[in-house]
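Spelled out from the first residue to the last, the chains are:
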Amino acid sequence: MRRRLLVLVLAVAGLATGVAIAQDSKEEGRIGPENRIQPSGRKLDPVGKITGLGNLPTGGALTTDGRFLWTLSAGRGRNDIRIVEVEPRGTCPRGSAGKTCRAERAARTGRVVQQIPMPGVTGGMVMAPDGRTAYVSGVPESGVDDQKEDASVPGKQGDVIHSFRLDAQTGTATRGELIAVPPQPDNPPVQSFPPGRDQRNWPRDLAISPDGRTLLAALNLGDRAAVIDTATKQVRYVQTGRYPYGAAITSDGKRGLVSNEATGTVSVIDLAGASKIKDIQVGPNLSHPEGIAIDPKQPRAYVAVTHQDLIAVINTNTLEVERTMSVERPQGIGTAPTALSVTSDGCNLLSANSGEDAVAVFALTDDPACARKAQAPKPRPKPRPRPNRPNRPNRPGRGPNGKPRGKAKRRNGCRNGRQRTTGRRQRCRQTARRSSSRRAPAAQAADRILQHEGRKGVDLSKSAKAEAAEFYGEEAEEAEEEKTAARPAQKNSQAFQLMGRIPVGSYPTFAAATPGRKSLVWIAAKGLGVGPNAGGTGTGGGPEPVIAEDAGSATAGQDPKFRFKYLPRNVFGASGVLAYPTDDAVRKLTPQGLAADPPG
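What comes next is a walk through the structure.

Calculation criteria
Residue positions are given per chain, counted from 1 along the sequence in the order it is written. In view of the model being predicted, local features appear only for residues whose pLDDT reaches at least 70, and side-chain atom pairs are presented and counted only at 80 or more, with totals across whole chains, interfaces and linings using the full set of residues. Side-chain calculation: all heavy atoms of the structure are included, whereas hydrogens and water are not. Strands here mean DSSP runs of E at least two residues long; helices mean DSSP runs of H or I at least four residues long; both are numbered from the N terminus. Each residue is placed in one exposure class: buried if its accessible area under a 1.4 Å probe, protein chains only, is under 20% of its type's maximum, exposed if it is over 50%, and partly exposed if it falls in between. Residue contacts follow a heavy-atom distance rule, with two residues in contact if any of their heavy atoms lie within 4.5 Å. Only the protein chains shown count as cover for residues, and all accessible areas are computed by the Shrake-Rupley method using a 1.4 Å probe. Strands are labelled as partners when DSSP assigns at least two bridges between them. Helix axes are fitted to C-alpha atoms over the stretch in contact, other axes to C-alpha atoms as well, and angles between N-to-C directions run from 0 to 180 degrees. Each reported salt bridge corresponds to a side-chain nitrogen of Lys or Arg within 4 Å of a carboxyl oxygen of Asp or Glu. Disulfide assignment relies on a single distance test, namely cysteine sulfur atoms paired within 2.5 Å.

Observations concerning the overall build of the protein chain
Thought 1: A count of helical and extended segments in the protein chain gives seven helices and 28 strands.
Thought 2: Within the span of the protein chain, comprising 600 residues, buried residues form 51% of the whole.
Thought 3: For the protein chain, the proportion of contacts with a sequence separation of at least 24, taken over those separated by at least 6, is 55%.
Thought 4: Per element, the accessible surface of the protein chain, about 29,200 Å² overall, is 51% carbon and sulfur.

Section: the sheet that holds strand β15 (residues 255-260)
Thought 1: As summarised here, the arrangement of the four strands in space is β14-β15-β16-β17, forming an open sheet in which the pairing is antiparallel. Looking along the sheet, the strands with just one partner apiece sit at the ends: β14 (244-249) and β17 (275-281). Across this sheet, the average inter-strand angle for adjacent strands is 25°, counted without regard to direction.
Thought 2: In terms of strand pairing, β15 meets strand β16 (residues 265-270) through six bridges, oriented antiparallel. Bridge pairing links G256 to I269 in β16.

As for the pattern of salt bridges
Thought 1: Counted under the stated rule, the structure contains 18 salt bridges.
Thought 2: Across the salt bridge formed by E149 and R78, the nearest N and O atoms sit 3.5 Å from each other. Placement of the pair is E149 in the loop between β7 (133-138) and β8 (160-166) and R78 in the loop between β3 (68-73) and β4 (79-85), with a sequence separation of 71 residues.
Thought 3: A salt bridge links D186 to R224; its shortest N-O distance comes to 2.6 Å.

Describing the state of the cysteines
Thought 1: Per the counting criterion, the structure on display carries two disulfides.
Thought 2: The partner cysteine of C347 in its disulfide is C370, sulfur to sulfur 1.9 Å. Disulfide C347-C370: torsion about the S-S bond near -75°, hence left-handed. With C347 in the loop between β22 (337-342) and β23 (348-353) and C370 in helix α3 (residues 368-374), this residue pair connects regions lying 23 residues apart in the sequence. Exposure class is identical for C347 and C370. Each is buried.

Re the environment of R36
Thought 1: With respect to the helices and strands, the residue R36 is situated in the loop between α1 (2-14) and β1 (49-55).
Thought 2: Remark: the alpha-carbon pair of R36 and S506, spanning 470 residues in sequence, is separated by 9.2 Å.
Thought 3: Once residues lying within four places of it in the same chain are set aside, the contact partners of R36 are R42, K43, L44, D45, P46 and L528.

Below, the structure written as structure tokens:
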């Protein structure tokens with residue numbers, strides 16, 4: 001993943017010089033984090049409190065209590081772990097007495113509490129259920145001198161799993177033991193030119209069993225999975241498909257799931273026997289299934305099929321594809337879902353879509369309890385005591401104390417037809433219409449977009465039978481698709497319904513909710529975007545400064561005329577923290593994300 005992202009960054013950046021730039025750019029032809037305009041021409045408007053992170057953070061995880069977010073800087077340059085505070089401990093008094101407390105909590109939210117240098121990471125990590133241990137995938141240290149860490153940093157040889165001990169109070173961590181996952185003698189050689197014999201396992205995603213005793217690692221360059229006993233550190237290897245990426249363990253702790261990028265499959269592993277049960281086809285070859293999430297309430301696993309803009313739903317009892325959910329949009333080059341998570345109550349699925357710079361939110365159930373929880377009104381403050389007033393004479397629509405009653409209560413400043421004059425009643429109705437019309441455009445736009453998205457999702461979503469028919473060429477495919485198309489698109493929260501899209505930073509790689517859906521957090525690998533290099537050391541005979549050579553980038557050994565302005569040395573990411581949005585808020589954010597699409 002790390003190597004593929006770096007190539008993508010350079011490729012996109014190299015093409016960026018000819019992109020038309022938005023009118024509000026401070027300098028014509030300039031793009032970058034300062035004005036949030038991307039090489040694609042899209043302008044970002046991410047939600048939440050934003051925290052700047054390190055080089056290309058391609059993975060993260062929340063602590064079990066949801067108070068801290070771990071981020072992994074996996075790009076070119078120095079790699080590290082950065083721990084971000086999400087929900088400060090404690091509560092504040094209500095009213096003015098808690099004003100200072102709330103301000104302090106707001107200031108602490110989003111702050112980096114610790115930065116841990118690492119030799120090399122891919123983005124894979126997992127938190128143990130006891131909340132005291134974290135595991136991080138480790139790869140070899142960079143060969144560039146200025147990117148190497150101090151000799152005291154362990155695991156420089158790579159193909160290891162780093163462990164850390166967590167302090168629940170402060171959120172900080174200390175290093176623990178290394179778990180080696182070395183390549184096997186029959187591992188395929190690493191692809192290189194000219195071809196060589198170097199072998200690597202390159203651990204990517206990790207998963208841990210509910211009892212914390214078994215760790216599962218997808219070994220991306222080894223075409224294997226590692227089943228690890230966390231107590232004894234014993235490692236057993238299981239053959240998977242090609243280029244395994246995602247990892248998950250079912251809720252009963254008996255089976256592991258590993259997605260395979262090249263073969264488009266999910267390998268099902270018996271963890272007790274460390275053997276493969278079967279491969280489930282979730283997409284065609286090279287469809288790049290990546291992140292996997294387990295439903296805490298239902299026997300389901302969700303798989304991001306990145307190159308198909310689909311999420312495959314696997315029934316973990318039958319080990320078959322139950323259906324798919326589409327995140328496709330007509331604009332751009334694809335939404336590319338990469339990482340998934342399910343809220344702890346099983347109500348929502350969050351999909352970090354790296355191709356559209358947004359997080360898609362799905363409803364996983366039509367249980368009214370989920371909708372009520374998402375839209376729970378704030379408690380009303382207790383009414384202030386008022387002095388006793390003498391009773392007023394009765395008037396039409398008023399009680400003995402002179403207050404409106406029944407239908408006579410005011411709405412939009414009017415008493416709904418109880419005015420004493422026709423002119424006053426007419427003015428009241430005009431005010432109500434103006435108030436309604438101001439709210440209508442945004443709400444109507446959200447409804448139109450989500451109705452279209454819902455219809456498209458229904459068109460593209462498929463049942464298990466339709467999936468099988470497509471793969472095996474059965475005539476039943478057409479009949480199954482007709483049944484699917486007959487289902488009406490719902491704009492309200494229903495099972496497997498796309499609720500909307502939340503705009504975040506560039507190239508999101510993680511999104512999750514804290515327990516109880518209190519907060520939503522996201523990580524974007526490119527943050528607010530990639531800008532031009534600052535300049536070089538000479539003029540080179542032309543109007544533009546010459547970009548200096550960088551030993552680890554595409555400028556190394558190149559003639560000055562090939563050292564382009566958009567070949568960044570570092571790509572810095574960002575994270576965001578926000579209150580978990582209500583269903584209505586998600587709907588209203590959707591047009592904002594769609595409006596940011598570049599013309600295509």
